[in-house]
Amino acid sequence: MLKRTCITTSLALTLSVSVLAPAAHADPATPLVIGHRGAAGLAPENTLEAVDRADRAGIDWVEVDVQRSKDGVLVLMHDQDLVRTTDAEKVFPHRAPWKVGDFTYAELKRLRAGASPQWKASRYERAGIPTLGQVLDRLDRNNQGLLLELKWPGNFPGVVQDTLRVLGRKGWLDAHHVHNRLYVISFLASTLKTLRKERPDIKLGICDDRASTGKLASYARFADAVNPQHTATTADFVRRAHALKGPHGTPLKVWPYTVNTSTQARRLRDLRVDGFTTDFPDKMRHVLGH
Ligand code: G3P
Ligand code: CA
């Protein structure tokens, strides 16, 4: 399959050409379209089905959120509790407040990630909560890259080490994956710095809901990308980010979140962001003429 987009260094391009032969990004001025929580507008968020929907729309990169079950299994889930996106209240009525980390993986497996009103009675109603390992396998099968967000890392001591273990077990710490297919992102700088100490080769992205221009220089000391809230992203922020180099020697990438209208997408393209996450990657590709 030759549809892949390369977003990394020239070394990575060399590797990716030899291993995956991805197509070069058609137009460097066109932002990369990244599926948010897989493709949350097209299938239940943070599921294998959402990852596959992004793939079917020709999307090379997806973002997902990772947390940990009570018995130590890394699973995909955005909210701190299971209420909004699953049928946890119905299946486990006496387990309020339904925090993700209060449930074993065997219990999480009983839940439907397609149970919210949005997906009820759709073909995705029975979608389940995947493990990080299952998602990595699926991304390999689909030949997609990953922005892996460590969600609420303060709730899960040791999640960095757990994540590295799963990545290693699934073959995602080899040079090919590390250079071409993976960014680990988080809102918590200290978590990313911990990861960087363990594996300085892994590229990192720092999420920042305020797009703080004054923090960019400190971000560039440990991160290769910054993920600002799209409404806070300005031309000045993008210019200043691009003037800095991350630890792997390339200009700090700017990947705002979460961009769901054509007006927003065009505005960010005109600001020359490197990419953005969206719940509707199919529509955004079309808007940008990919
Ligand atoms: O790309 C970062 C973005 O996913 C952060 O926002 O709340 O959707 O995890 P959130
Ligand atoms: Ca996220």
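Okay, so let's go over this structure. (Residues numbered from 1 in each chain as written. Chains lettered and ligands numbered in written order. Predicted model: local features only at pLDDT ≥ 70, side-chain atom pairs only at ≥ 80, totals over all residues. Heavy atoms only, no water.)

1. Quick notes on the overall build of the chain
At step 1: Along the backbone of the chain there are 12 helices and nine strands.
At step 2: In terms of C-alpha radius of gyration, the chain reaches 18 Å, essentially the compact-globule figure of 19 Å for 290 residues.
At step 3: For the chain, the spread of C-alpha atoms along the principal axes amounts to about 55 × 40 × 40 Å.
At step 4: Expressed as a percentage of the 290 residues in the chain, the buried residues total 56%.
At step 5: By sequence separation, contacts in the chain at least 24 residues apart represent 62% of the contacts at least 6 residues apart.
At step 6: Of the roughly 12,200 Å² of accessible surface on the chain, a fraction of 52% belongs to carbon and sulfur atoms. (Helix = DSSP H or I, 4+ residues; strand = E, 2+ residues; numbered from the N terminus. Rg over C-alpha atoms; globule rule 2.2 N^0.38 Å. Buried < 20%, exposed > 50% of the residue type's maximum accessible area, 1.4 Å probe, protein only. Contact = heavy atoms within 4.5 Å. Areas by Shrake-Rupley, 256 points an atom, 1.4 Å probe, with all protein chains shown as cover.)

2. Side note on the coordination of the calcium ion (ligand 2)
At step 1: Looking at the metal site, the calcium ion (ligand 2) is ligated by Glu 63 (OE), Asp 65 (OD) and Glu 149 (OE), spaced 2.0 to 2.2 Å from it.
At step 2: Of note, the donors binding the calcium ion (ligand 2) are all from one chain and are spaced E-x1-D-x83-E. Across the pair, exposure class does not vary: Glu 63 and Asp 65 are buried alike. (Donors = N, O, S within 2.8 Å, 3.2 Å for Na, K, Ca; no water.)

3. Description of the pattern of salt bridges
At step 1: Counted under the stated rule, the structure contains 16 salt bridges.
At step 2: Where Arg 84 meets Glu 45, a salt bridge forms, and the shortest distance between an N and an O atom there is 2.8 Å. Here Arg 84 is found in the loop between strand 3 (74-76) and helix 3 (88-91), whereas its partner Glu 45 is found in the loop between strand 1 (32-35) and helix 2 (48-56), with 39 residues between them in sequence.
At step 3: Judged by its relative accessible area of 40%, Arg 84 falls in the partly exposed class.
At step 4: By relative accessible area, Glu 45 is classed as buried at 12%. (Salt bridge = Lys/Arg side-chain N within 4 Å of Asp/Glu carboxyl O.)

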